[in-house]
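# Examination of the molecular architecture
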Amino acid sequence: MKLIRYKTSPMLDPVSSLAELREEMDRLFGYTFPSLRPAVEPLWQSACPVNLYRENDRYILRAEVPGFDKKNLQIEVVDGSLVLSGHASTGNKKDTAEESGETRFTRNIPLPDEVDVTQIKAEYQNGVLTVSLPKKAEVKPRQIAIEVK
Amino acid sequence: MSHDKEIQVRETQPVAEAEAPMQAPAYDVSETENEFVITVQIPGVDRKDMETVIDGDDLVITGKRAWKQPESWKLLHEEIPSMDYRLVLRLDHRVNRNALKAHLRDGILTLMLPKAEEIKPRRIEIAS
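Below, the structure is looked at part by part. (Residues numbered from 1 in each chain as written. Chains lettered and ligands numbered in written order. Predicted model: local features only at pLDDT ≥ 70, side-chain atom pairs only at ≥ 80, totals over all residues.)

Here we take up the overall build of chain A. Secondary structure assignment for chain A yields 1 helix and 7 strands. N-terminal to C-terminal, the α/β element order of chain A is α-β-β-β-β-β-β-β. Counting contacts in chain A only where the partners sit at least 6 residues apart, residues at least 24 apart contribute 46% of the total. (Helix = DSSP H or I, 4+ residues; strand = E, 2+ residues; numbered from the N terminus. Contact = placed C-beta atoms within 7 Å.)

Glancing now at the pairing of strand β2 (residues 58–64) of chain A. For a regular strand, the rule is simple: side chains alternate between the two faces of the sheet. Residue and element names in this part refer to chain A. Within β2, 5 of the 7 residues are buried, which leaves it mostly tucked inside the rest of the structure. Pairing of strand β1 (residues 50–55) with β2 involves 6 bridges; the strand directions are antiparallel. Within the sheet, the bridge partner assigned to N51 lies in β2 and is R62. Linkage of β1 to β2, two consecutive antiparallel strands, is achieved through a turn of 2 residues. (Buried ≥ 20, exposed ≤ 12 C-beta atoms within 10 Å, placed from the backbone. Pairing = 2+ DSSP bridges.)

Counting 20 residues, the largest nonpolar core has C48, V50, L52, L61, A63, V65 and L129 of chain A as the members making the most contacts within it. Counting only elements with at least two residues in this core, the list comes to β1, β2, β4 (81–89), β5 (102–110) and β7 (128–134) of chain A. Once residues within four sequence positions are removed from consideration, V65 of chain A is found in contact with C48, L73, G86, F105, G127 and L129 of chain A. If you look at the next biggest cluster of nonpolar residues, it comprises 16 residues, including I38, V40, V95 and L111 of chain B. (Core = buried A, V, L, I, M, F, W, Y, C linked by C-beta atoms within 7 Å.)

All right, on to the environment of W73 of chain B then. Tracing the backbone through its elements, the reader meets W73 of chain B in the loop between β7 (58–65) and β8 (74–78). Judged by the 18 C-beta atoms lying within 10 Å of it, W73 of chain B is partly exposed. Apart from the residues lying within four places of it in its own chain, the contact partners of W73 of chain B are Y53, E55 and I60 of chain A.

This paragraph deals with the sheet that holds β4 of chain A. Residue and element names in this part refer to chain A. Spatially, the 3 strands line up as an open sheet ordered β3-β4-β5, and their pairing is antiparallel. Each end of this open sheet is capped by a strand with a single partner; those strands are β3 (73–78) and β5. Looking at each pair of strands side by side, their axes are set apart by 15 degrees on average, direction ignored. Of the strand pairs in this sheet, β4 and β5 are connected by 9 bridges, and their pairing is antiparallel. Bridge pairing in β5 places H87 opposite R104. (Axes fitted to C-alpha atoms, helices over the stretch in contact; angles between N-to-C directions.)

All right, on to the pairing of β1 of chain A then. Burial of β1 of chain A is extensive: 5 of the 6 residues sit out of reach of the surface. Relative to β8 of chain B, β1 of chain A runs antiparallel, the two being bridged by 4 bridges. For L52 of chain A, the partnering residue across the bridge sits in β8 of chain B and is H77 of chain B.

This part is about the sheet that holds β8 of chain B. Reading across from one edge, β6(A)-β7(A)-β2(A)-β1(A)-β8(B) is the order of the 5 strands in this open sheet, with antiparallel pairing throughout. Each edge of the open sheet carries a strand with a single partner, namely β6 (121–125) of chain A together with β8 of chain B. Between one strand axis and the next, the sheet turns through 20 degrees on average, direction left out of account. Inspection of the sheet shows β2 of chain A paired to β7 of chain A by 7 bridges, in the antiparallel sense. For L61 of chain A, the partnering residue across the bridge sits in β7 of chain A and is V131 of chain A.

Here is the structure:
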């Protein structure tokens, strides 16, 4: 459980403090990212700590996953969740079998409905994976023509 | 890519003690016939923001997380500490300090510490 940072008197700026209150409530009740739990670290996997940010028209996820080649990192959307995974063999070819090893991780991040999964973009630099999750454009009313026979 | 180039480890004066809290990065040590290999996980650190120095018997590795959260981004969930990295390892007589080499790739710093000549396996020829 994370402590919420202390705020100075909300009376000074009621408008922005209302917006901030909403943010705090969102955070408390996990409204935006419903069941995002802290990174757990099973024995056979390495951790994948993430930070989540919100900008006007998108969410941004940053994940620290050092030591992977771009081609060994995978980002998928499965059943409304963003699944980050990666595998890398740490062993050197000339090492003995006992010394060679494998690193892998999987992280599942539930996405809010408003994310446009077709527009997700990602980049990897210095061991940090940055994923941009744009929100859907305003839902337009759709007209469906009914053929009368 | 330029970040794959080798970084020369240099010997300098003792570094000033940092005041800000630092994170000790995860690291591994392995050994081959001729060298010790240390891998240190410092994701988020650019090559220019890291330093490896030998201070007396200490090998001091520091890395700055130069990335800053843009003004317009609002933090929703946080698991990544924003602290800089610092790792101090003690070197002993088994390491040849004049020939340390390091390179940084994908957030992993690899240090190659050649073994001192005295401890390398030595084959003794038998004179008949």
